[in-house]
Amino acid sequence: MAELKRIAICDDEIGTCSDLEKIVLDFADRRALQIETEVFYSGEAFYRSIQEQCLYDLCFLDIQLLELDGVQVGKQIREQLGNDKISIVYISSKETYAMSLFQVRPLDFLIKPLTKEKVAAVLEQFIRLSEANKNEFYYHAGKSVCRLYLDEIHYFA
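Note that the structure is predicted; figures quoted are calculated from it, not measured.

Chemist: Quick question: what am I supposed to make of the overall build of the protein chain here?
Modeler: Across its full length, the protein chain carries 4 helices and 7 strands. When the helices and strands of the protein chain are read in sequence order from the N terminus, they spell out β-α-β-α-β-α-β-β-α-β-β. Here the protein chain has roughly 9000 Å² of accessible surface; of this, 52% comes from carbon and sulfur atoms.

Structure below.
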């Protein structure tokens, strides 16, 4: 069974979200990957979802969001939640943010407009890195496939 990868897309531009989701799902179809996407139109909604234990493997996160911007969301994910496992790809129409992102340790930084080639290259890199760092345990709970990281497992009962 192919591993399910959960990808979040967070941008306040509906068109960008739609285009990016289509590119990701087309990539998954071409590579026969099991990828599930979820779209958020605000940093607050995305952060709430992560706080509620929604586990994402990768997120495409716009920097310029209305209230809670992408840099703040990234910092909260890393610092407040202590989550270093989710790969963050920042997206923006401005290059000037690149230096302020280092402390969040993003996987990449893409400049809009996004192209299939740019997104595919990031997805290839993400898949390659996640294959190299396989440290996950998958199990079935009802009809759902659940995942735990091995460092989160203390014992099996």
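Chemist: Please explain unusual backbone geometry as it appears in this structure.
Modeler: The phi torsion of most residues other than glycine is negative, and most of the peptide bonds are trans. Cis geometry is found at the peptide bond from Lys 112 to Pro 113, where omega equals 0 degrees. The phi dihedral of Ala 32 is positive, around 55 degrees, even though this residue is not glycine. In this fold, Ala 32 is placed in the loop between helix 1 (14–31) and strand 2 (34–40). For Ala 32, a relative accessible area of 63% corresponds to the exposed category. Phi at Arg 105 takes a positive value of approximately 55 degrees, unusual for a residue other than glycine. You can see Arg 105 is positioned in the loop between strand 4 (87–92) and strand 5 (108–111).

Chemist: What is the right way to read the sheet that holds strand 3 (residues 58–62) from this model?
Modeler: Strand pairing in a sheet relies on backbone hydrogen bonds. The paired strands run either parallel or antiparallel. With parallel pairing, 5 strands are arranged side by side in an open sheet as 2-1-3-4-5. Both outer strands of the open sheet, strand 2 and strand 5, are each paired with one neighbouring strand and no more. Neighbour-to-neighbour, the strand axes of the sheet open up by a mean angle of 20 degrees, direction not taken into account. Both strand 3 and strand 4 contribute to a ladder of 5 bridges, which runs parallel. Considered in strand 4, the bridge of Phe 60 is made with Val 89.

Chemist: Any chance you could explain the pattern of salt bridges here in plain terms?
Modeler: Side chains carrying opposite charge are able to pair once their charged atoms draw close together. Scanning the entire structure with this criterion turns up 8 salt bridges. For Arg 31, the salt bridge is made with Glu 124, and the minimal N-O distance between the two is 2.6 Å. Residue Arg 31 is found in helix 1, and its partner Glu 124 is found in helix 4 (residues 116–132); the two are separated by 93 residues along the sequence. Given the relative accessible area of 32%, Glu 124 is considered partly exposed. Where Lys 112 meets Asp 62, a salt bridge forms, and the shortest distance between an N and an O atom there is 3.6 Å. Taken as a pair, Lys 112 in the loop between strand 5 and helix 4 and Asp 62 in strand 3 lie far apart in primary sequence, 50 residues in all. Residue classification places Asp 62 among the buried residues on the basis of a relative accessible area of 2%. One salt-bridge network, held together by shared partners, links Asp 11, Glu 13, Asp 62 and Lys 112.

Reading guide: rules and limits
Residues numbered from 1 in each chain as written. Predicted model: local features only at pLDDT ≥ 70, side-chain atom pairs only at ≥ 80, totals over all residues. Heavy atoms only, no water. Helix = DSSP H or I, 4+ residues; strand = E, 2+ residues; numbered from the N terminus. Areas by Shrake-Rupley, 256 points an atom, 1.4 Å probe, with all protein chains shown as cover. Buried < 20%, exposed > 50% of the residue type's maximum accessible area, 1.4 Å probe, protein only. Pairing = 2+ DSSP bridges. Axes fitted to C-alpha atoms, helices over the stretch in contact; angles between N-to-C directions. Salt bridge = Lys/Arg side-chain N within 4 Å of Asp/Glu carboxyl O.

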